[in-house]
Protein chains: 2
Amino acid sequence: MTAHSFSELHTIPFYECNVNNRISIPMLINILILASEHQNEKLGVDQLYLIDKYGIGWVVTSYSIHISQLPKKDSVVKMTTRGTSYNRYFAFREFWLHDQDGNELVKVESIWVLMNEKTRKITPIKDDVIKPYQSENVRRVPRLPRPKRIESTDKVTAKEYQVRWSDIDFNGHVNNSRYPEWMLDSLPMSFLNNHEPANIDIRFENEVKYGNRVTSSVVVDSSNNDKIETVHEIKSNDVLSASATIVWKENQVKGND
Amino acid sequence: MTAHSFSELHTIPFYECNVNNRISIPMLINILILASEHQNEKLGVDQLYLIDKYGIGWVVTSYSIHISQLPKKDSVVKMTTRGTSYNRYFAFREFWLHDQDGNELVKVESIWVLMNEKTRKITPIKDDVIKPYQSENVRRVPRLPRPKRIESTDKVTAKEYQVRWSDIDFNGHVNNSRYPEWMLDSLPMSFLNNHEPANIDIRFENEVKYGNRVTSSVVVDSSNNDKIETVHEIKSNDVLSASATIVWKENQVKGND
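Chain A carries the name Acyl-ACP thioesterase in an unreviewed UniProt entry, which gives Lentilactobacillus kefiri as its organism. Its UniProt record gives chain A the following Sequence similarities (unreviewed entry) comment, quoted word for word: "Belongs to the acyl-ACP thioesterase family."

Here it is in structure tokens:
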């Protein structure tokens, strides 16, 4: 039995794009989550059902994002997702973004847990919650690449952010898509205008709340001529909230083509 | 001859919503602008055409936004827009948001100018640029309500923001939807969670660029029992970038209904 796969089309409006008229990383994450929420609804196990019945909700712990090409403003993409496998505590979900000719633009692997909405503690994955996905029950779900950590000897650049009201989800915590926004913004504009992520490994550690200040730190490693790598940490009150390693490539086409 | 009216449907995803699962004000502005861009395309006078042919682009100078009800997450809305009238320098554009039963949710009036992309100076509205809209040529376009200004005797609360890379449009300036985001964020979370704008008069004065710091100042006037009014100013280096007056009402339905 193969896991159910869910697909839908999406047209990318200008306000989901960065200065280069390509979809932004936060919006890339948002539209893929949208597809998974639509699958959850279709299978009768959406957010509201989980909260009402068990007081629980899905929380992502890490993404591994492989980008062949970021789709452009106004382009139509096919979003596909599948709850591939799970064990007692972890669910492995995959996402794909294809262009209209069937070329793969983006592939995302992700690990999810079920969290009690009140206690914020992880709970075992209940049978009736996972069954509709026809996910494979496995002993171990795939282990995603762990982001590197910043070393004390590294040359660090950092920016501070005050969490905004608009950063907050309906559940009172910072929306996951904000972490990559803070991470990217720690890099210089000239770099961001001329480079595009090819690979992002990101891990979420501790939730940040309204009123918190966060520090977005980055180390740029350009010692390898072929690829530039950046290592990111988001901390709040010296507690690690998220970490990421991003591998970059130069923009093939620059600006507003 | 009546001005061409353009309509399209839009489904509101979770990432266009605030903590109350209603569309956020920045996203409300974005989706309406999207409808107007689609009309521009349909009439053969889109952004690219204006830049390529004349090196000019439309810039909004003010909005007057009347909100009966902010649409909810997952709801389908009908967006309608019309380039109603114009004179030598100013164009008057109207927008409507309706629910699927035809009830008006939001009405927006706006004033636009054509700006030279290089010099950032206003240029007269060319005939062939405006003709496709069948707008009425008038001596005076409607005058939108001017936002109040903060007085030196007012009790002011202020927050500072560093312009982020993600705040920047493809043209290198801060996206217009960021000003209301900074304005709203200057208010306490408890207020924002329990109130909703009923009317927003906003005026854009000077463009803000990457690297600038802005101050978002607000004065809350609750002296009138029936309605709370807030007066907002966004300044960068003591220069006024945007001002607004917002009239608030209590949320009819609270939280995640």
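Trainee: What is the right way to look at the domain arrangement of chain A in this model?
Mentor: Where the parts come together, the accessible area they lose is often given as the size of the interface. Residue and element names in this part refer to chain A. What the domain assignment lists for chain A is domain 1 (1–144) and domain 2 (146–257). On a C-alpha basis, the centroid separation for the pair domain 1 and domain 2 is 21 Å. With 26 residues of domain 1 at the contact, the number on the domain 2 side is 29 residues. Where domain 1 abuts domain 2, roughly 2,200 Å² becomes buried across the two surfaces, and 47% of that area is made up of carbon and sulfur atoms. The largest contributions to the domain 1 side of the interface with domain 2 come from Asn 20, Ile 25 and Arg 120, which together make up 22% of the buried area. Taken together, domain 1 and domain 2 are joined by 1 salt bridge. Among the ionic pairs, Arg 120 bridges to Glu 207, the shortest N-O distance being 2.3 Å.

Trainee: How should the UniProt feature "domain: Acyl-ACP thioesterase N-terminal hotdog" (unreviewed entry) in chain A be read in this particular structure?
Mentor: Residues annotated by UniProt as "domain: Acyl-ACP thioesterase N-terminal hotdog" (unreviewed entry) correspond here to residues 5–133 of chain A. Structurally, residues 5–133 of chain A comprises 23% helix and 41% strand, and the distance from its first C-alpha atom to its last is 8 Å.

Trainee: Just to check I follow, could you spell out the nonpolar core for this structure?
Mentor: Side chains of a nonpolar character, in soluble globular proteins, are inclined to be buried together. Formed by 122 residues in total, the largest nonpolar core has its most connected members in Leu28(A), Tyr63(A), Leu28(B) and Tyr63(B). Contact partners of Tyr63(B), with chain neighbours within four places excluded, come to Ile29(B), Ile33(B), Phe95(B), Val108(B), Glu109(B), Ser110(B), Trp112(B), Leu144(B), Ile200(B), Asp201(B), Ile202(B) and Phe204(B).

Trainee: Honestly, the UniProt feature "domain: Acyl-ACP thioesterase-like C-terminal" (unreviewed entry) in chain A in this entry has me stumped. Any pointers?
Mentor: The sites that carry the UniProt feature "domain: Acyl-ACP thioesterase-like C-terminal" (unreviewed entry) are, in the present numbering, residues 151–250 of chain A. Helix makes up 14% of residues 151–250 of chain A and strand 46%, whereas the separation of the span's terminal C-alpha atoms amounts to 26 Å.

Trainee: Explain empty space enclosed by the protein here, please?
Mentor: On inspection of all chains with the given rule, the structure shows 3 cavities of 30 Å³ or more. Quantified by volume, the largest cavity comes out at close to 90 Å³. If you trace the largest cavity, you find 13 residues lining it, with Trp165(A), Asn18(B), Leu70(B), His195(B) and Pro197(B) closest to the centre. Ranked by residues supplied to the lining of the largest cavity, first place goes to strand 9 (residues 195–204) of chain B with 3 residues. Residue classes in the lining of the largest cavity are distributed as 8 nonpolar, 4 polar and 1 charged. The two domains that each donate at least three residues to the lining of the largest cavity are domain 1 (1–144) and domain 2 (145–257) of chain B.

Trainee: Mind showing me how you'd approach a nonpolar patch on the surface here?
Mentor: On the surface, a nonpolar cluster with roughly 250 Å² of combined accessible area is contributed by Tyr89(A), Phe90(A) and Ile122(A). Within the secondary structure, Tyr89(A) sits in the loop between strand 3 (76–86) and strand 4 (91–98).

Trainee: I tried to follow the environment of Thr215(A) on my own but got confused; where do I start?
Mentor: Residue and element names in this part refer to chain A. Looking at the secondary structure, you find Thr 215 in strand 10 (residues 213–221). Looking at Thr 215, the relative accessible area reads 23%, which means it is partly exposed. For the pair Thr 215 and Gln 69, spaced 146 residues apart in sequence, the C-alpha separation works out to 29 Å. Leave out the neighbours within four places in its chain, and Thr 215 touches Ala 158, Lys 159, Glu 160, Glu 233, Ile 234 and Lys 235.

Trainee: Please explain the interface of chain A and chain B as it appears in this structure.
Mentor: On the side of chain B, 41 residues touch chain A, which itself brings 41 residues to the contact. For the pairing of chain A and chain B, the buried interface totals around 3,500 Å² over both sides, and the portion due to carbon and sulfur atoms is 57%. Of all residues in chain A, Tyr15(A), Arg164(A) and Trp165(A) give up the largest surface area on contact with chain B, accounting jointly for 26% of the area buried on that side. The tally of links between chain A and chain B comes to 2 salt bridges. As a salt-bridge pair, Glu181(A) and Arg164(B) come within 3.0 Å of each other at their nearest N and O atoms.

Trainee: Before we go on, may I ask you to explain the environment of Phe6(B) in this structure?
Mentor: Residue and element names in this part refer to chain B. Among the structural elements, Phe 6 can be located in strand 1 (residues 5–11). A relative accessible area of 11% places Phe 6 in the buried class. Residues Phe 6 and Thr 157, spaced 151 residues apart in sequence, show a C-alpha to C-alpha distance of 41 Å.

Trainee: Even after reading the chapter, I still don't get the side chain of Ser186(B), so can you show me in this structure?
Mentor: By the element assignment, Ser186(B) lies in the loop between helix 4 (178–185) and helix 5 (189–194). Look past the residues within four positions of Ser186(B) in its chain and what remains in contact with it is Thr157(B), Lys159(B), Tyr161(B), Ser216(B), Val218(B) and His232(B).

Trainee: Mind showing me how you'd approach the relation of the copies chain A and chain B here?
Mentor: Both copies of the chain are related through a single rotation about an axis accompanied by a shift along the same axis. After a rotation of 180° and a shift along the axis of 0.0 Å, chain A superposes on chain B with an RMSD of 0.0 Å. Classification of the inter-copy transformation places it as that of a two-fold axis. By C-alpha distance to the rotation axis, the residue of chain A lying nearest is Tyr161(A), at 4.3 Å. A shared interface surface links the copies, since 100% of the contact residues of chain A are contact residues in chain B too.

Trainee: Can you walk me through the state of the cysteines in this structure?
Mentor: For the structure on display, the rule yields 0 disulfides over all chains. Left unpaired, Cys17(B) is separated from the closest cysteine sulfur, that of Cys17(A), by 19 Å.

Rules behind the numbers
Residues numbered from 1 in each chain as written. Chains lettered and ligands numbered in written order. Predicted model: local features only at pLDDT ≥ 70, side-chain atom pairs only at ≥ 80, totals over all residues. Heavy atoms only, no water. UniProt positions renumbered as here; feature names shortened; annotations may be inferred. Domains from an automatic or database assignment. Contact = heavy atoms within 4.5 Å. Buried area = accessible area lost by both parts, 1.4 Å probe. Salt bridge = Lys/Arg side-chain N within 4 Å of Asp/Glu carboxyl O. Helix = DSSP H or I, 4+ residues; strand = E, 2+ residues; numbered from the N terminus. Core = buried A, V, L, I, M, F, W, Y, C linked by side-chain atoms within 4.5 Å. Buried < 20%, exposed > 50% of the residue type's maximum accessible area, 1.4 Å probe, protein only. 1 Å grid on protein atoms, 1.4 Å probe; cavity = no way out; pocket = protein on both sides within 12 Å on 5 of 7 lines; lining within 4 Å. Points joined across faces, edges and corners; volume = space filled by probe spheres on them. Nonpolar A, V, L, I, M, F, W, Y, C, P; charged D, E, K, R; others polar. Patch = residues over 30% accessible without salt bridge, like charges linked within 9 Å, V, L, I, M, F, W, Y side chains within 5 Å. Areas by Shrake-Rupley, 256 points an atom, 1.4 Å probe, with all protein chains shown as cover. Least-squares fit on C-alpha atoms with pLDDT ≥ 70 in both. Disulfide = S-S within 2.5 Å.

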